[in-house]
Amino acid sequence: MSSPNNIEKSFSLAKERYAGLGVDVNRALKILEKIPISLHCWQGDDVGGFENFGGTLGGGLVATGNYPGKARTPDELRADLEKTFSLIPGKHRLNLHAFYGEFGGRKVDRDQITPAHFKNWIAWAKQNGIGMDFNPTCFSHPKAADGFTLSHADKNIRRFWIEHCIRCREIGAAIGQALEKTCITNVWIPDGMKDTPADRNAPRARLAESLDMIFKKPIPSNLNLDSVEPKLFGIGSESYVAGSHEFYLGYAVSRKKLLTLDAGHYHPTEGIADKISSVLQFLPEILLHVSRGVRWDSDHVVILNDDLQAIAREIVANGFTDRVHIGLDYFDASINRVAAWIIGTRNMLRALLFALLEPTAKLRAAESVGDYTTRLALQEEIKSLPFGAVWDFYCESKGVPVGEAWLAEVKRYEKNVLSKRQQANNLIRKSN
């Protein structure tokens, strides 16, 4: 690992190089430190939750792998998150699903949840000075077993899920008020069909009606913002999804809601970067769920690839950092779960920094006069600029490990904390 003196020297040289292209590195870092990433709680326990219903993961969701040491309780999950946050530069957020409430060992159905079931999460977030986002959990439940929730043909089942979502908005507002940081409550449902439906229209009509009932009560925007999330297909809904991109885009524009763009919810060859400037022509704000699909919506850990860099560039180059809320959404159970959080979040931040260090003014000046030769030449040359030196300095300045040094800290945490969970699990299995 480089010494602080070497990091400082490399950073100084990098600043000079970027300055030659008209890029103010210090300004880029000041912008980066103000961009929070919302970490998804469900990476920490393979989308299990703490509901005590004893159900299995449903709704087309699959967490693959069985790496030892996953969080089994809210306290363990919070401890893992604290370790994660300590190894990521900047101040970030937590994105919580409704079935991660704390229910005192009782079975509290989802149409009965209240802010009281999340008081420990709120207190923890306040103690750590972070914001929180929230999500209804419209899957892994007996009333979602046939693949439909808010668009269900049975009005009683629809009513159950409507009430659940209404309560989730109220919880989101309570979170926003307690933390004095706006909460985004994002609605995603798995509703769809495995094979070709005879009626595509009726479920969508029911879905629109259900959403209107959910959002009927006004909530101050400084407390809670509502977002709706489309999907192209899922496991068990390969042929039809009621909440498609077109459906939710129309709904968001007409009802003045945020639209969530999930990187894994489109065709495998389709990226979401180009959608950002399109939808922001008509919506004031959007939410991103940054993921990595491999052949399908497989929710792999986010890596620093072309897709991620394209997303970050669209946000930064167009001045959308205040209009795009960035959250992560993946759940890899085949590797250390804390490491998965860290890798994905640090990569999202690195992609944003790379975009902030782009000589955008020079690129656009060349483009505006039709000099596409210069545009292409610069686009390629900036790929080898000393970006890494700036990133190392940023990590050092924020008191987090530089380079791969964070991995040793995670390995120590695995040895001292995570492995003991696995040992306890093994003893329980033997005793049974």
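Residues numbered from 1 in each chain as written. Predicted model: local features only at pLDDT ≥ 70, side-chain atom pairs only at ≥ 80, totals over all residues. Heavy atoms only, no water.

(A) The arrangement of the overall build of the protein in detail. Tallying secondary structure elements over the protein gives 14 helices and 10 strands in all. Each of the three principal axes of the protein carries a C-alpha extent, and together these read 65 × 55 × 40 Å. Out of the 432 residues belonging to the protein, those deemed buried represent 52%. Once local pairs closer than 6 in sequence are excluded, the contacts in the protein between residues at least 24 apart make up 81%. When the accessible area of the protein is evaluated, it comes to approximately 19,300 Å², of which 51% is carbon and sulfur surface. (Helix = DSSP H or I, 4+ residues; strand = E, 2+ residues; numbered from the N terminus. Buried < 20%, exposed > 50% of the residue type's maximum accessible area, 1.4 Å probe, protein only. Contact = heavy atoms within 4.5 Å. Areas by Shrake-Rupley, 256 points an atom, 1.4 Å probe, with all protein chains shown as cover.)

(B) Spotlight on the pairing of strand E3 (residues 131–135). The buried fraction of E3 is high, at five of five residues. Sheet analysis places strand E2 (residues 93–97) next to E3, joined by five bridges and oriented parallel. Within E3, the position partnered with Asn95 by the bridge is Asp133. You can see the chain leave E2, run along helix H4 (residues 119–128) and come back into E3, and the turn it takes is right-handed. (Pairing = 2+ DSSP bridges. Right-handed = clockwise from strand over helix to strand, strands pointing away.)

(C) Broad picture of the pattern of salt bridges. Tallied over the entire structure, the rule returns 24 salt bridges. Residues Arg110 and Glu51 are paired through a salt bridge, measuring 2.5 Å at the closest nitrogen-oxygen approach. Pair noted here: Arg110 is in the loop between E2 and H4 and Glu51 is in the loop between strand E1 (37–40) and helix H3 (74–86), with a separation of 59 residues, a long-range link. (Salt bridge = Lys/Arg side-chain N within 4 Å of Asp/Glu carboxyl O.)

(D) A look at a nonpolar patch on the surface. Judged by side-chain polarity, Val62, Ile235 and Trp296 come together as a nonpolar surface patch covering roughly 230 Å² of accessible area. Looking at where Trp296 falls in the secondary structure, it is placed in the loop between strand E9 (286–290) and helix H9 (306–317). (Patch = residues over 30% accessible without salt bridge, like charges linked within 9 Å, V, L, I, M, F, W, Y side chains within 5 Å.)

(E) Here's a closer look at the packing of aromatic side chains. Under the criterion given, the structure shown has 14 aromatic pairs. Taking 5.1 Å as the distance between ring centres and 85 degrees as the angle between the ring planes, the aromatic pair formed by Phe99 and Tyr100 counts as edge-to-face. Given the relative accessible area of 2%, Phe99 is considered buried. Taking relative accessible area as the criterion, Tyr100 reaches 0% and is therefore assigned buried. On the basis of an interplanar angle of 45 degrees and a centroid distance of 6.2 Å, the ring pair of Phe215 and Tyr251 is categorised as tilted. Of this pair, Phe215 sits in the loop between helix H6 (201–214) and strand E6 (224–228) while Tyr251 sits in helix H7 (residues 245–255), placing them 36 residues apart in sequence. Assigned by exposure class, Phe215 and Tyr251 land together as buried. Ring pairing ties together the aromatic residues Phe50, Phe99, Tyr100, Phe139 and Trp188, which thus form one cluster. Lying over the aromatic face of Trp121, Arg78 brings its terminal NZ or CZ to 4.7 Å of the ring centre. Above the plane of the ring of Tyr266 lies Lys275, whose end atom (NZ or CZ) is 4.6 Å from the centre. (Phe/Tyr/Trp six-rings, centres within 6.5 Å; stacked < 30°, edge-to-face > 60°. Lys NZ or Arg CZ within 6 Å of the ring centre and 35° of its normal.)

(F) Representation of the side chain of His92 in the model. Within the secondary structure layout, His92 lies in the loop between H3 and E2. On the basis of relative accessibility, which here comes to 4%, the residue His92 falls in the buried class. Polar side-chain contacts of His92 include one of 2.7 Å to the backbone oxygen of Pro89. With near-sequence residues (within four places) excluded, His92 lies in contact with Ile35, Pro36, Ile37, Leu39, Phe85, Ile130, Gly131 and Leu349. (Polar contact = N/O pair within 3.5 Å; in protein donor to acceptor, adjacent residues only side chain to side chain.)

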